[in-house]
Amino acid sequence: MFLKTSFTTLVVGVFVVYVLHTCWVMYGIVYTKPCDSPKGENCITPFLAGNPKLQLSIYTAVRRNAEGGHTLIHREDEFDVNSKFERIVNVSLPKKTRNNGTLYALVFVHQAGVTPWEDPRQVHLVAQLTTYMVPKPPEISLISGEDQTQSQKEEAQQKKRRNGNPAAGGPTSTSDHPYSHWRSRLTLNIVGDHFLFDREYLPGDVHRYLRVFQNGKKMVYLPLLFVDELSNRVKDLVEINSTSMELPLTISYDSISLGRLRFWIHMQDAVYSLQQFGFTEKDADEIKGIFVDTNLYFLALTFFVAAFHLLFDFLAFKNDISFWKQKKSMVGMSSKAVLWRCFSTIVIFLYLFDEQTSLLVLIPAGIGSMIEVWKVKKAFKIQVFWRGGKPEFQFGKLDESERRTEEYDTLAMKYLSYLLYPLCIGGAVYALIFLRYKSWYSWLINSLVNGVYAFGFLFMLPQLFVNYKLKSVAHLPWKAFMYKAFNTFIDDVFAFIITMPTSHRLACFRDDVVFLIYLYQRWLYPVDKTRVNEYGVSYDEKPKGKTHKD
């Protein structure tokens with residue numbers, strides 16, 4: 001006889017297996033099995049163990065293979081692998097790069113006193129110093145029509161001159177054409193550990209960075225040089241135009257552990273794969289920020305918390321859908337709150353779409369908007385009929401109990417409107433006068449989304465008022481509420497651990513206050529488990545099946 005397993009139990013089981021598998025994979029990334037016998041033939045010894053005198057040389061070229069010439073921009077004569085430094089150099093841009101072209105950095109670590117091309121045991125990597133991205137349009141005052149800053153005016157004038165001169169590298173239209181941008185940071189790392197690799201357990205991710213040579217009977221590997229592409233952020237990009245004769249480049253160097261190097265390689269490959277699937281530079285930048293701006297230990301904690309956040313989101317989603325799928329009556333439910341949630345999710349989706357947010361955030365927001373539209377259809381009993389290719393809408397009638405709930409709901413919204421409307425209108429007028437946006441559409445969307453974020457919690461109050469009038473909370477989806485409460489608590493913890501704006505912290509706190517009032521109402525108006533429902537069955541009784549005589 002098999003035990004009946006619920007869908008929720010199955011999902012939780014899969015989640016636990018996923019977390020354990022992820023922990024095992026992460027352990028395999030950060031841990032590398034060393035060579036047991038240093039004098040054995042299977043060991044690959046480090047070249048840095050002999051303390052050689054090294055030199056760091058960085059060149060620029062318009063081609064990856066340095067064909068057409070190269071220019072030395074920086075050199076560290078007494079290069080210490082275990083040191084840490086940051087240098088700022090001015091890089092002259094070739095004409096091809098200024099004409100919307102590219103530029104590469106050739107990074108060499110070689111023997112001191114000779115050029116890289118004379119050293120057979122040099123290691124080198126190629127990094128791209130430019131990338132293509134659509135420039136952000138200038139923000140203007142919708143009343144005066146003036147640009148936000150004088151620098152934006154100058155940039156616009158330069159762009160116009162470039163657009164009018166095809167020889168300068170600018171196209172005839174700047175609507176959505178990507179331009180070459182300068183990556184103002186170049187981050188380099190070398191593994192400082194004198195790690196002994198075992199040939200039989202050589203990690204595949206390190207293999208492509210490993211250069212070895214034979215020294216007698218021993219295999220020796222050269223320094224593991226790594227260019228950190230994750231440190232290239234959108235905020236550091238500078239648009240290149242025909243007048244940009246030279247631009248500053250910040251060269252940062254630090255030693256790195258082998259475990260951290262392997263983790264960085266995997267994350268860098270993941271970001272590159274997303275870009276190959278069509279993710280833009282801005283999408284990749286949001287993912288980079290997760291790894292670059294966070295400590296690795298805190299990142300591991302964030303993974304576990306995010307995993308539980310995803311689990312609670314899914315369970316809340318599943319219970320909310322089940323609740324509304326079986327919902328036949330709106331007794332005790334605030335239809336105005338349902339309508340507001342639908343409106344707010346659509347506004348947030350349009351805002352994210354206008355800001356060109358990552359697809360990882362945009363797609364779930366779009367799905368959530370469609371679900372809220374479906375809930376509005378269920379709440380207002382809307383039926384859609386197609387006649388002659390045109391949709392016709394029919395609204396269902398309310399019974400006596402639903403009409404009483406609707407009266408309480410309307411009364412609560414009446415009181416709420418005295419506070420809500422002046423706040424929203426005042427915020428929109430303030431944004432129109434003192435702030436600057438790309439267009440009227442952006443102003444409208446930003447005003448609406450600011451109203452949603454700032455005053456959205458007020459629309460949770462009508463449901464509290466309806467519960468107070470009916471002296472009951474049995475009509476609410478409490479399972480979905482509890483899962484959402486867990487997520488709110490997680491958001492609260494991270495809002496105070498991570499540096500976040502005060503407005504975001506207050507938003508998390510006020511949602512908790514409203515939920516605590518819901519819990520108080522649940523204690524104040526307990527469900528009568530002995531009451532017999534319309535099917536003749538009480539809460540504590542099990543449905544009795546029919547008996548048949550043989």
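The shown structure was predicted, so the numbers you read here are calculated from the model rather than taken from an experiment. (Residues numbered from 1 in each chain as written. Predicted model: local features only at pLDDT ≥ 70, side-chain atom pairs only at ≥ 80, totals over all residues. Heavy atoms only, no water.)

**Describing the state of the cysteines**
Defined as follows: Sulfur atoms of two cysteines make up a disulfide when they are within 2.5 Å. Exposure categories follow from relative accessible area, calculated using a 1.4 Å probe and restricted to protein chains: below 20% of the type maximum is buried, above 50% is exposed, and the middle band is partly exposed.
A full pass over the atoms with the stated rule returns one disulfide. The disulfide partner of Cys 35 is Cys 43, and the gap between their sulfur atoms is 1.7 Å. Taking the torsion about the S-S bond as the criterion, the Cys 35 to Cys 43 disulfide, at about -75°, is left-handed. The same class applies to Cys 35 and to Cys 43, which are both buried.

**Describing a nonpolar patch on the surface**
Applicable threshold: Patch membership requires more than 30% relative accessible area and the absence of a salt bridge. Residues of like charge join within 9 Å; the nonpolar side chains Val, Leu, Ile, Met, Phe, Trp and Tyr join within 5 Å. Accessible surface is estimated by sampling points in the Shrake-Rupley manner with a 1.4 Å probe; for residues, cover comes only from the protein chains shown. In what follows, salt bridge is the name for a side-chain nitrogen of Lys or Arg lying within 4 Å of a carboxyl oxygen of Asp or Glu. Helix and strand labels come from DSSP, where a helix needs a run of H or I of at least four residues and a strand needs a run of E of at least two; each type is numbered from the N terminus.
Residues Phe 7, Leu 10, Val 14, Phe 314 and Phe 317 make up a contiguous nonpolar surface patch of roughly 480 Å² in combined accessible area. With respect to the helices, strands and loops of the structure, Phe 314 is situated in helix α7 (residues 296-325). Using a relative accessible area of 32% as the deciding quantity, one classes Phe 314 as partly exposed.

**Quick word on the packing of aromatic side chains**
Describing an aromatic ring pair means giving the distance of the ring centres and the angle of the ring planes. The cut-off we apply is this: Between the rings of Phe, Tyr and Trp (Trp by its six-membered ring), a pair exists once the centres lie within 6.5 Å; its type follows the angle of the planes, with under 30 degrees stacked, over 60 edge-to-face, and the other angles tilted. The criterion is that NZ of a Lys, or CZ of an Arg, lies within 6 Å of the ring centre and within 35 degrees of the ring normal, and then a charge sits over that ring.
For the coordinates displayed, the defined rule picks out 16 aromatic pairs. Both rings, one in Phe 108 and one in Trp 117, keep their centres 5.2 Å apart while their planes meet at 50°; by these two values the pair is tilted. Looking at Trp 117, the relative accessible area reads 48%, which means it is partly exposed. A ring pair is formed by Phe 323 and Trp 324, whose centres lie 5.9 Å apart and whose planes are at 85°; its orientation type is edge-to-face. Trp 324 shares its class with Phe 323; the two are buried. Across from the ring centre of Tyr 468, 4.3 Å away, lies the NZ or CZ of Lys 471, which sits over that ring.

**Considerations on the sheet that holds strand β4 (residues 84-92)**
Going by this rule: Pairing between two strands is assigned when DSSP locates at least 2 bridges connecting them. Angles shown run from 0 to 180 degrees and are taken between the N-to-C directions of axes, each axis being a line fitted to C-alpha atoms and, for helices, limited to the stretch in contact. Here a residue-residue contact requires only that any non-hydrogen atoms of the pair lie within 4.5 Å.
Taken in spatial order, the four strands of this open sheet run β4-β15-β9-β13, and their pairing is mixed. Whereas interior strands pair on both sides, the edge strands pair on one side only; in this sheet they are β4 and β13 (225-227). The sheet shows a mean angle of 25° between the axes of neighbouring strands, direction not considered. Sheet topology note: the strand β9 (residues 185-191)/β13 ladder contains three bridges and is antiparallel. In the strand pairing of β13, Leu 188 is matched with Val 227. Packing against the sheet, helix α5 (residues 258-276) makes contact with β9, β13 and β15 (246-256), and its axis sits at approximately 40° to β13.

**Digging into the pattern of salt bridges**
This model, assessed by the stated rule, comprises ten salt bridges. Put simply, Glu 400 and Arg 403 hold a salt bridge, and the shortest N to O gap is 3.0 Å. Of this pair, Glu 400 and Arg 403 both sit in helix α10 (residues 400-434), three residues apart, roughly one helical turn. For Arg 403, a relative accessible area of 40% puts it in the partly exposed group.

**Brief notes about the environment of Thr 250**
Mapped onto the secondary structure, Thr 250 falls in strand β15. Expressed as a C-alpha distance, the spacing of Thr 250 and Leu 186, which sit 64 residues apart in the sequence, is 6.1 Å. The residues contacting Thr 250, other than those within four sequence positions of it, are Glu 86, Arg 87, Ile 88, Ser 184, Arg 185 and Leu 186.

**Observations regarding the environment of Pro 477**
Structurally, Pro 477 is set in the loop between α12 (461-470) and α13 (478-497). The buried category is assigned to Pro 477, whose relative accessible area is 9%. Spatially, the C-alpha atom of Pro 477 lies 6.8 Å from that of Asp 320, the residues being 157 residues apart in sequence. Apart from the residues lying within four places of it in its own chain, the contact partners of Pro 477 are Asp 320 and Phe 323.

**Quick notes on α5**
One full turn of an α-helix is made of 3.6 residues, so residues set three or four places apart face in the same direction. Rules: Each residue after the first adds 1.5 Å to the expected span of a helix.
Taking 1.5 Å per residue, 19 residues should reach 27 Å; α5 reaches 27 Å between its end C-alpha atoms and fits that length. Those residues of α5 lying buried are Leu 258, Gly 259, Leu 261, Arg 262, Phe 263, Trp 264, Ile 265, Met 267, Gln 268 and Val 271.

**A short note on unusual backbone geometry**
Of note in the backbone geometry, Asn 51 takes a positive phi value of approximately 50° without being a glycine. Within the secondary structure, Asn 51 sits in the loop between β1 (43-46) and β2 (54-61).

**With respect to the side chain of Ser 180**
Quick reminder of the rule: Under this definition, polar contacts are N or O atom pairs within 3.5 Å; protein pairs additionally need one hydrogen-donor-capable and one acceptor-capable atom, and for neighbouring residues in sequence, both atoms have to be side-chain atoms.
With respect to the helices and strands, Ser 180 occurs in strand β8 (residues 179-183). Accessibility expressed as a relative area gives 0% for Ser 180, which makes it buried. Looking at Ser 180, its side chain comes within polar contact range of the main-chain oxygen of Gly 101, at 2.8 Å. Residues contacting Ser 180, with those up to four places away along its chain left out, are Asn 100, Gly 101, Thr 130, Thr 131, Tyr 132, Glu 239 and Ile 240.

**Describing the nonpolar core**
To keep it simple, the criterion reads: To qualify as a nonpolar core, a set must consist of buried Ala, Val, Leu, Ile, Met, Phe, Trp, Tyr and Cys residues joined through side-chain atoms within 4.5 Å.
With 32 residues, the main nonpolar core has Ile 58, Phe 79, Trp 182, Leu 186, Leu 188 and Leu 249 as its most contacted residues. For this core, the secondary-structure elements that each account for two or more residues are β2, β3 (71-79), β4, β5 (104-111), β6 (123-128), β9, β13 and β15. Counting residues per element, this core draws most heavily on β15, which supplies four residues. Once residues within four sequence positions are removed from consideration, Trp 182 is found in contact with Val 91, Leu 93, Leu 103, Leu 129, Thr 130, Asp 236, Leu 237, Val 238, Ile 240, Leu 247, Pro 248 and Leu 249. Within the second largest apolar cluster, 25 residues are counted, among which are Ile 44, Tyr 209, Leu 230 and Ala 284.

**Here's the deal with the sheet that holds strand β7 (residues 130-133)**
The three strands lie next to each other as β7-β8-β14, forming an open sheet whose pairing is antiparallel. Each end of this open sheet is capped by a strand with a single partner; those strands are β7 and β14 (237-239). Neighbouring strand axes in the sheet, compared pairwise and without regard to direction, differ in orientation by 40° on average. Where β7 and β8 come together, four bridges link them in antiparallel fashion.

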